[in-house]
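Read off the chains here:
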Amino acid sequence: MKFWSQYFIPTLKESPADAEIASHKLLVRAGLVRKLSGGLYTYLPLGLRVMQKLSQICREEIERGGGIELSMPHMHPAENWEQGPRWAAAREIMFRTDTAGAGRGRSKEPEFVLGPTHEEVITPLVKTEITSYRDLPKNFFQIGTKFRNEIRPRYGLMRAREFVMMDAYSFDVDDDHAIKSYLAMKAAYEAFFKRIGIHAIAVEADTGVMGGSFSHEFMVPAEIGDDDVIYNEASGYAANREKATSAIVPGDLRDATPEGVLEEFATPGVVTIAALEAAPYSVAADKQFKTLIYMGDGQPFAVILRGCDELEEAKLGSLGFTLFRPATPDEIEPVMGAKPGSLGAVKGTIKDAAALVGVFADHAIRLVGNGTTGANKDGFHLRHVNVVRDLAITKFGDFRRVRAGEPDVKSGQPLQVKRGIEVGHIFKLGTKYSEKYGAVFTDDQKQSHPMVMGCYGIGVGRTLQAVIEQCHDADGIVWPWNSAPFHVLVCVLDPQLPEAMDLAKKLAGAAERAGADVLIDDRAERPGVKFKDADLVGVPLRLTIGGKGLKEGIVELKWRTSKDVAKVPLAEIEARITAAVAEAQSKANA
RNA sequence: CGGGGUGUAGCUUAGCCUGGUAGAGCGCCUGGUUUGGGACCAGGAGGUCGCAGGUUCGAAUCCUGUCGCCCCGACCA
């Protein structure tokens, strides 16, 4: 048991000016963290306790899912990363030492990076230590500090430069086994989020810079989340914005027979979809082809969408480029023959078609039929453009951004959108890293194969904040039992009375024997202050010992989730505490 | 990195437009009265007004630069 007067819980009446969202304000007001600098936080005792609780539950569930705990350095030689597949993409977000070549008495210092995740460390380790199928599968995990040079840290622990993450890496002999490991981790995640008392949903996700074949994000629905979840309640479909697709193009769509003769017409000054929609042209946006030029690893490629659709840039990741970005007008003109606004992909109109490494079309352009697009001549467009007849398409794909209301691919029912906080992510990586680092094993036929990997992350600090975001009211935090820094708060209104303190210690002891963590508020504060702090800090079960109650022979018992106060006779109080703790535990672990 | 905002006591802030003794609330210290939902009275400590230049007789206030922080965008656990 801890005594508030001896402990350190600096609560604040007012929210700090730099906190915007409820969970961030409460994190600071309830005395869980203090900011050192943008994206860097000190965990105060209470915050640390919650981090430790979450970490421990996470550890238990990951172990249950097959994980073996170890701990890797936070600082890595840049060399490890240079040998890996994502150095170019990842170096942007890493903190790096700038001592390379600087000396300090030596002719050359190696460059170091602070690890944002550890594929680049675990894979070489496994390469040297595991060589036989007999030693597989293995799933290694750690819980520790990660570093990311976030362009814009924000929302307290939600997006920090230094943060605590559980990261796990699975190694299997083949795809089937890798999928088993993946599903075991998915189940472990679900168990973890359930135990800590928050609602998190698994949604299909893009693999992003991690690479890999498929992936789920674990999202906590919240207004302030920075990701959109596209979902349909009834069908169970759920995907993040980057991955989400819809059944907007019917599976049995037959491309229309080409209509009309391709024809150029003058459109002076028209460089936007909207301008072409307006009189005198009056071409509806869904009858236009939008042509975008991107640079993929230094080479230009085109993406064609309907005029009414938006590009979902992350979906370009499926094209296999390591790095891509929108091309600049200077890069576009020599290739296409015109500036942005007059571009098109009609055969024969592209100035240097050979320079394009691909023309990638969104499936939905097949709905356009007889459409209009740029003529690759400034001030001119083409009409009666037909997909099959006129466009030289390298590959069709899903590149458009899904909108709410479009039909779900599973059920055809309208999709909905809500915001969420990404608290965890699981990837089936495949052999991307194992091939690169030579992490191979020998099978029972003496054949050598790359290990099939998966990687898994849970942002512990972010999860802590997501718990607060999901579990609070106007008065403060309302901790779920298993996440709470303390389970029971014994509020002693008259700590100067020895009999009050004696009783408090006795009750605290009873609660501890029942398995609860107990905090005794023995401060010489007025009752109002104590009650306000109790609500702010959000301990699930509050026992109040007051001078008046003592005379009546009762102790008050109150749950943070309810306004009801039970006046319990002293003779019964210990049994009631034991029962209450047992009940809360069984509910939380059901 | 682009756009917007902001920096005054430990915290929340007024003052800045229109230059002239830096103010309040919370918190803190002392004493007293209080004591079941953030008490009251009296007294007190605490501020190079982010930093550096400049304009001016005089700068928190005007100008320039710079740094930090916050918000919106791209990225992510």
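Details of the structure are given in the entry above.
Reading the values: the criteria
- Residues numbered from 1 in each chain as written.
- Chains lettered and ligands numbered in written order.
- Predicted model: local features only at pLDDT ≥ 70, side-chain atom pairs only at ≥ 80, totals over all residues.
- Heavy atoms only, no water.
- 1 Å grid on protein atoms, 1.4 Å probe; cavity = no way out; pocket = protein on both sides within 12 Å on 5 of 7 lines; lining within 4 Å.
- Points joined across faces, edges and corners; volume = space filled by probe spheres on them.
- Helix = DSSP H or I, 4+ residues; strand = E, 2+ residues; numbered from the N terminus.
- Nonpolar A, V, L, I, M, F, W, Y, C, P; charged D, E, K, R; others polar.
- Near = heavy atom within 4 Å.
- Polar contact = N/O pair within 3.5 Å; in protein donor to acceptor, adjacent residues only side chain to side chain.
- Axes fitted to C-alpha atoms, helices over the stretch in contact; angles between N-to-C directions.
- Parallel < 35°, antiparallel > 145°, perpendicular 65-115°, else oblique.
- Left-handed = near helix turned anticlockwise from the far one by under 90°.
- Contact = heavy atoms within 4.5 Å.
- Pairing = 2+ DSSP bridges.
- Buried < 20%, exposed > 50% of the residue type's maximum accessible area, 1.4 Å probe, protein only.
- Disulfide = S-S within 2.5 Å.
- Core = buried A, V, L, I, M, F, W, Y, C linked by side-chain atoms within 4.5 Å.
- Salt bridge = Lys/Arg side-chain N within 4 Å of Asp/Glu carboxyl O.

Trainee: Looking at this structure, I do not really get the layout of surface pockets. What am I missing?
Mentor: Remark: the empty space left among the atoms is shown by a probe the size of a water molecule rolled over them. Computed from the structure, the second largest pocket encloses a volume of approximately 360 Å³. Breaking the lining of the second largest pocket down by element, the ones donating at least two residues are α7 (273-277), β14 (289-296) and β18 (371-374). The element that contributes the greatest number of residues to the lining of the second largest pocket is β14, accounting for six residues. Class assignment for the residues of the lining of the second largest pocket results in 13 nonpolar, eight polar and one charged.

Trainee: Can you walk me through the protein's contact with RNA strand B in this structure?
Mentor: Near RNA strand B, the surroundings consist of 45 residues, among which Ala17, Arg148, Arg159, Asp535 and Glu556 are the closest. Taking Arg526, its side chain carries an N or O atom lying 2.7 Å from a base oxygen of RNA strand B. For the surface near RNA strand B, the elements supplying multiple residues, two or more each, are β2 (33-37), β8 (162-172), β21 (416-430), β24 (452-459), α13 (527-537) and α14 (547-552). By residue number, the principal contributor to the surface near RNA strand B is α13, which donates seven residues. Looking at side-chain class alone, the surface near RNA strand B contains 15 nonpolar, nine polar and 21 charged residues.

Trainee: What's the story with the packing of helix α2 (residues 45-64) against helix α6 (residues 175-196) in this structure? I'm lost.
Mentor: For any two helices packed against each other, one specifies the inter-axial angle together with the distance between the axes. Following both chains from N to C, one finds α2 and α6 inclined at 150 degrees, their axes separated by 9 Å at the closest point. Put simply, α2 runs roughly antiparallel to α6. The hand of the α2/α6 crossing is right-handed. Across from Leu54, Ile57, Cys58, Glu60, Glu61, Ile62 and Arg64 in α2, the residues of α6 making contact are Met185, Ala188, Tyr189, Ala191, Phe192, Arg195 and Ile196. Tallied by class, the residues present in the contact of α2 with α6 amount to ten nonpolar, no polar and four charged.

Trainee: Just to check I follow, could you spell out the side chain of Asn232 for this structure?
Mentor: Summarising the element assignment, Asn232 is placed in strand β11 (residues 227-232). Residue contacts for Asn232: discarding those within four places in its chain leaves Tyr237, Asp408, Ser411, Gln413, Pro414 and Leu415.

Trainee: I would appreciate a short explanation of the sheet that holds strand β30 (residues 554-559) in the present structure.
Mentor: In spatial order, the strands read β1-β28-β27-β29-β30-β31; together these six strands make up an open sheet with mixed pairing. Of all strands in the sheet, those bounded by a partner on one side alone are β1 (2-3) and β31 (565-569). Sheet topology note: the strand β27 (residues 488-492)/strand β29 (residues 541-545) ladder contains five bridges and is parallel. Residue pairing across strands places Val490 opposite Leu543, the latter belonging to β29.

Trainee: Whenever I open this one, the pairing of β29 confuses me. Can you help?
Mentor: As a general feature of sheets, a regular strand has side chains that alternate between the two faces. Within β29, five of the five residues are buried, which leaves it mostly tucked inside the rest of the structure. Both faces of β29 are covered, namely the face carrying Leu541, Leu543 and Ile545 and the face carrying Arg542 and Thr544.

Trainee: Would you mind going over the environment of Lys436 with me for this structure?
Mentor: Topologically, Lys436 is positioned in helix α10 (residues 432-437). Residue classification places Lys436 among the partly exposed residues on the basis of a relative accessible area of 49%. With 144 residues separating them along the chain, Lys436 and Ala580 place their C-alpha atoms 55 Å apart. Each residue touching Lys436, except ones within four places of it in the same chain, is listed here: Gln83, Gly84 and Pro85.

Trainee: What is the right way to look at the packing of α2 against helix α11 (residues 460-470) in this model?
Mentor: Direction vectors running N to C along α2 and α11 enclose 110 degrees, while the axes themselves pass 10 Å from each other. Judged on the interaxial angle alone, α11 and α2 are roughly perpendicular. Only Val460, Gly461, Thr463 and Leu464 of α11 make contact with α2, whose side of the interface consists of Gly47, Val50, Met51, Leu54 and Ser55. When grouped by side-chain class, the residues that make up the contact of α2 with α11 number five nonpolar, four polar and no charged.

Trainee: Before we go on, may I ask you to explain the environment of Glu20 in this structure?
Mentor: Mapped onto the secondary structure, Glu20 falls in the loop between β1 and α1 (22-29). According to the relative accessible area criterion, Glu20 is exposed, its value standing at 61%. Each C-alpha atom of the pair Glu20 and Ile224 lies 9.9 Å from the other, and the pair is 204 residues apart in sequence.

Trainee: Quick question: what am I supposed to make of the state of the cysteines here?
Mentor: Between two cysteines, a covalent bond joining their sulfur atoms is known as a disulfide. Considering all chains together, one arrives at zero disulfides under this definition. Sulfur of Cys58: no disulfide; nearest cysteine sulfur belongs to Cys455 and is 14 Å away. Residue Cys58 is classed as buried on the basis of its relative accessible area, which comes to 0%. Its relative accessible area of 3% is what places Cys455 among the buried residues.

Trainee: Whenever I open this one, the nonpolar core confuses me. Can you help?
Mentor: Here is a general trend for soluble globular proteins: nonpolar side chains tend to be buried in one another's company. In terms of nonpolar packing, the biggest core is built from 58 residues, with Leu32, Met166, Tyr189, Phe193, Leu464 and Trp479 touching the most fellow members. Non-local contacts of Leu32, meaning those with residues more than four positions away in its chain, are made with Leu27, Thr42, Tyr43, Leu44, Leu46, Gly47, Val50, Leu464, Ile468, Ile477 and Trp479.

Trainee: Please explain the environment of Gly67 as it appears in this structure.
Mentor: Within the secondary structure layout, Gly67 lies in the loop between α2 and β4 (68-69). Given the relative accessible area of 10%, Gly67 is considered buried. For the pair formed by Gly67 and Lys138, sequence separation is 71 residues and the distance between their alpha carbons is 7.6 Å. In this structure, Gly67 is in contact with Ile62, Asn139 and Phe141, ignoring residues within four places of it in sequence.

Trainee: Hey, could you run me through the side chain of Thr373 in this one?
Mentor: Its place among the elements puts Thr373 in strand β18. At 3.5 Å, the side chain of Thr373 forms a polar contact with the backbone oxygen of Phe289. Contact partners of Thr373, with chain neighbours within four places excluded, come to Phe289, Thr291, Leu343, Gly344, Val346, His381, Leu382 and Val385.

Trainee: What exactly am I supposed to notice about empty space enclosed by the protein here?
Mentor: What the rule picks out here adds up to three cavities of 30 Å³ or more. Its boundaries defined by the atoms lining it, the largest cavity holds a volume of some 70 Å³. Lining of the largest cavity is provided by Asp255, Ala256, Pro258, Arg366, Gly369, Asn386, Val387 and Val388. Here the residues of the lining of the largest cavity sort into four nonpolar, two polar and two charged. What the second largest cavity holds in volume is close to 50 Å³. Taken together, Leu489, Ala534, Asp535, Val539, Pro540, Leu541, Arg542, Lys558, Trp559 and Arg560 make up the full set of residues lining the second largest cavity.

Trainee: Help me understand the pattern of salt bridges in this model?
Mentor: A side chain of one charge can pair with a side chain of the opposite charge if their charged atoms are brought near each other. Tallied over the full model, the rule gives 35 salt bridges. The salt bridge involving Lys428 is made with Asp175; its shortest N-O contact spans 3.3 Å. With Lys428 in strand β21 and Asp175 in helix α6, this residue pair connects regions lying 253 residues apart in the sequence. A relative accessible area of 4% means that Lys428 is categorised as buried.

Trainee: I keep staring at the pairing of strand β12 (residues 237-240) and nothing clicks. Help me out?
Mentor: Covered by surrounding structure in β12 are Tyr237 and Ala239 together with Ala238 and Asn240, the residues of both alternating faces. As paired elements, β11 and β12 share four bridges and run antiparallel to each other. Opposite Asn232, over in β12, you have Tyr237 as the bridge partner. In this structure, the hairpin formed by β11 and β12 is closed by a connection of four residues, where Gly236 is found at a positive phi of approximately 85 degrees.

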